[in-house]
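So you can see what is in the structure, the chains are spelled out below.
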Amino acid sequence: MTALTSDGFVKSGFMEEYATFNHIWAALILEELYRLGVRDVVLAPGSRSSPLTMSASEHAGLRCHCHFDERGLGFMALGIARGSQRPVVIITTSGTAVANLYPTVVEANLLGVPLIVLSADRPIELLGNGSNQAIDQRDIFSRHTIVHHDLPPPDAEIKAAFLLSTVDQAVDQQRRMPGPIHINCRYREPLYPGNCLVDASDYLAPLRDWLTTSKPWSDWSSSTAVPALNNEWETFAQQRGLIVVGRVEDSVDDSQQGQQIVELSKQLGWPLLADIQSQIHFDPHNLIHFDLALHDERFSAELAKAEVLLQFGGRLISKRLTQFIAQQPWQDAWLVDPLPQRLDPDYCVKRRLICSPADFIAALPTIPEQLCWHQLASLQRRTSQLVEERCTAFSELGVCHLLAQLAEGQLFIGNSLPARLMNMLGTHRQTPVRVFANRGSSGIDGLIATAYGLSCTCSEPTTIVLGDTSALHDLNSLALLKQATQPLVVVILNNDGGSIFHMLPVPKEDDLLERYYRQPHGLHFEHAAKMFGLGYFAPESLDAFMAAYTQALQAGVTLIEINVPHQQVANDLKHLGAAIRGEPREQ
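Residues numbered from 1 in each chain as written. Predicted model: local features only at pLDDT ≥ 70, side-chain atom pairs only at ≥ 80, totals over all residues. Heavy atoms only, no water.

J.: Describe the sheet that holds strand E15 (residues 351–353), with residues and values.
T.: An order of E12-E11-E13-E14-E15 is seen for the 5 strands of this open sheet, with the pairing classed as parallel. Pairing within the sheet leaves two strands with one partner each, and these edge strands are strand E12 (272–274) and E15. Adjacent strand axes in the sheet meet at a mean angle of 15° when their direction is disregarded. Relative to E15, strand E14 (residues 332–336) runs parallel, the two being bridged by 3 bridges. Across the sheet, Trp 334 pairs through a bridge with Arg 351, a residue of E15. In this fold helix H10 (residues 257–268) packs onto strand E11 (241–245), E12 and strand E13 (308–312), with an angle of close to 170° to the strand it touches most, E11. Running at roughly 140° to E11, helix H13 (residues 319–327) makes contact with E11, E12 and E13 of the sheet. (Pairing = 2+ DSSP bridges. Helix = DSSP H or I, 4+ residues; strand = E, 2+ residues; numbered from the N terminus. Axes fitted to C-alpha atoms, helices over the stretch in contact; angles between N-to-C directions. Contact = heavy atoms within 4.5 Å.)

As structure tokens, this is what we get:
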């Protein structure tokens, strides 16, 4: 169908004969998606999706990734799309296979990740009459997709240009509003090659010009110019300001966006509070322990002198910081993020700029460098000293604090406690580490699969740190890890259930906390590692963890299990917070 030229580009080489007419449409869809930037396709096994599967496997420019579990498959695609910053195609068969993608689609919609779901489906006459594996897939993802199309069964009477232009418009809408696309592809039998091939020469003849180029059928263009901000910026920048940074994902080829924010902070003399997802959390200019330092009244009072807020990216992990932002009487508040979403849970934002941080900073008029207006760095020093003192024991705090210093390449952080701990702890680093987290819906679905997908886009090691319940949710995806081409380390913090509920105001009388919230399981992961062919360590000290992790970074795939008492992390955080507030230690 397609062939690579000597310079590495794909040249269309559409055949005149195809197995079925279904295969013609499948080949057209995938070729147009390739021309629009798709390079990776993830596929689950299935019969109804055979035309799509065969066309993807035959395309010289597409990399195909497989998984038997559609839920894990979807999250793998999410990781590949985030790591490569390109759209990724997901191909599934009909029925509940499609429904298993629901959590991925929700997450992709909230994070603005460009996924393209191509779901195979039965023709309409097989719905509602007892036909096997037939469910109503029309708009199955409801309001969680950017675009949804329910295609008719392939038919020679429907122009090929309809199909190509439908794909072009959908991808253009995705570029304007990043998120998932769903294209439901109805196929009548036959689904597999038979004795007689279909002559496609007459059907493809109107595509003569398209077939001789590598361009999409129709060109859609849009402007993303940043509005002029001269007068507004000069007034804004002259006040005491605060820069907060949420999720910012630099590409592998462009890691400068975060550093531009750091330089802006220095130029303005404004404090920088950068979330773990910001890519600059470990920069020496960031007030790295701000989440815990907000326990300190002196630190909070100094921070409250800020008059204006400049925020890059949304979805902050720190609850204390979001509460501070909500309570502060800002004279002005700007939010810069390329996603056209509100990203303003407390309705503080006065000006919303839909652009990348790099484009925003490039558009700013030059102003003289300003003196630093605050003493936050010195006020944070006491908190940082207490963090160092309290993270010397083998505990979730100690392991996360150490891991933040040791991690190399890419770090994927699970939700619930791991995200909060990694956002609180760590020290400044000289070598950068790319940090990711699924903080759209902040669920515990598909975390291992997402991290594996990210590893497919990087030539460096990938580390995932997650809780035991999250790991059990995605246990099937351990099967993916043996395909990793770079070192991949899975650190599981096993506190036997949902220990975060110790820190929430859930009912604790009788056995309500244990049975209905924390739900202890008594399971360990040594045999899971053996079943899936992974290396395994269960260190019992920080020195042993450091040795195991350092060894794991060298080669292969390793599961490191950290077994700790379920109450320990809640007690440690309680005592650390009290120490920062200056309260006497409980006896």
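J.: Account for the nonpolar core, naming residues and giving values.
T.: Core analysis: the biggest nonpolar cluster contains 47 residues, and Trp 233, Ile 243, Leu 310, Phe 312 and Phe 360 have the highest contact counts within it. Those residues in contact with Phe 360 that lie beyond four places of it in its chain are Val 226, Leu 229, Trp 233, Leu 310, Phe 312, Trp 334, Val 336, Leu 353 and Cys 355. (Core = buried A, V, L, I, M, F, W, Y, C linked by side-chain atoms within 4.5 Å. Buried < 20%, exposed > 50% of the residue type's maximum accessible area, 1.4 Å probe, protein only.)

J.: Describe the sheet that holds strand E7 (residues 115–121), naming the residues involved and giving the relevant values.
T.: Across the sheet, 6 strands lie side by side as E5-E4-E6-E7-E9-E8; this open sheet has parallel pairing. Taken across any chain shown, the strands that pair with only one partner, and hence form the sheet edges, are strand E5 (63–66) and strand E8 (147–151). Strand-to-strand twist across the sheet, computed as the mean angle between neighbouring axes with direction ignored, equals 20°. Alignment of E7 against strand E9 (residues 181–186), held across 6 bridges, turns out to be parallel. Bridge pairing in E9 links Leu 118 to Ile 183.

J.: Now, about the environment of Ile 317: what can you tell me, with residues and values included?
T.: Of note, Ile 317 is situated in the loop between E13 and H13. Looking at Ile 317, the relative accessible area reads 8%, which means it is buried. Once the C-alpha coordinates of Ile 317 and Asn 423 are considered, the two residues, 106 residues apart in sequence, prove to be 7.2 Å apart. Residue contacts for Ile 317: discarding those within four places in its chain leaves Asp 275, Ile 276, Gln 277, Ala 419, Arg 420, Asn 423 and Arg 439.

J.: Describe the pattern of salt bridges, with residues and values.
T.: Applying the stated rule across the entire model yields 20 salt bridges. Two residues, Glu 249 and Arg 82, come together in a salt bridge whose shortest N-O distance is 2.3 Å. Pair noted here: Glu 249 is in the loop between E11 and H10 and Arg 82 is in helix H3 (residues 70–84), with a separation of 167 residues, a long-range link. Classification of Arg 82 by relative accessible area gives buried; the value is 2%. One salt bridge in this structure joins Glu 125 and Arg 188, with 2.8 Å as the shortest N-O distance. (Salt bridge = Lys/Arg side-chain N within 4 Å of Asp/Glu carboxyl O.)

J.: With reference to specific residues and values, describe the packing of helix H15 (residues 376–390) against helix H23 (residues 568–581).
T.: Close contact between H15 and H23 brings their axes to 10 Å; oriented N to C, the two are set at 150°. The pairing of H15 with H23 is recorded here as roughly antiparallel in orientation. With respect to the hand of their crossing, H15 and H23 are arranged in right-handed fashion. Note on element contacts: H23 touches H15 through His 575, Leu 576, Ala 579 and Ile 580, opposite Arg 382, Thr 383, Leu 386, Val 387 and Arg 390. Grouping the amino acids of the contact of H15 with H23 by side-chain chemistry returns 5 nonpolar, 2 polar and 2 charged. (Parallel < 35°, antiparallel > 145°, perpendicular 65-115°, else oblique. Left-handed = near helix turned anticlockwise from the far one by under 90°. Nonpolar A, V, L, I, M, F, W, Y, C, P; charged D, E, K, R; others polar.)

None of this, on its own, says anything about what the molecule does.
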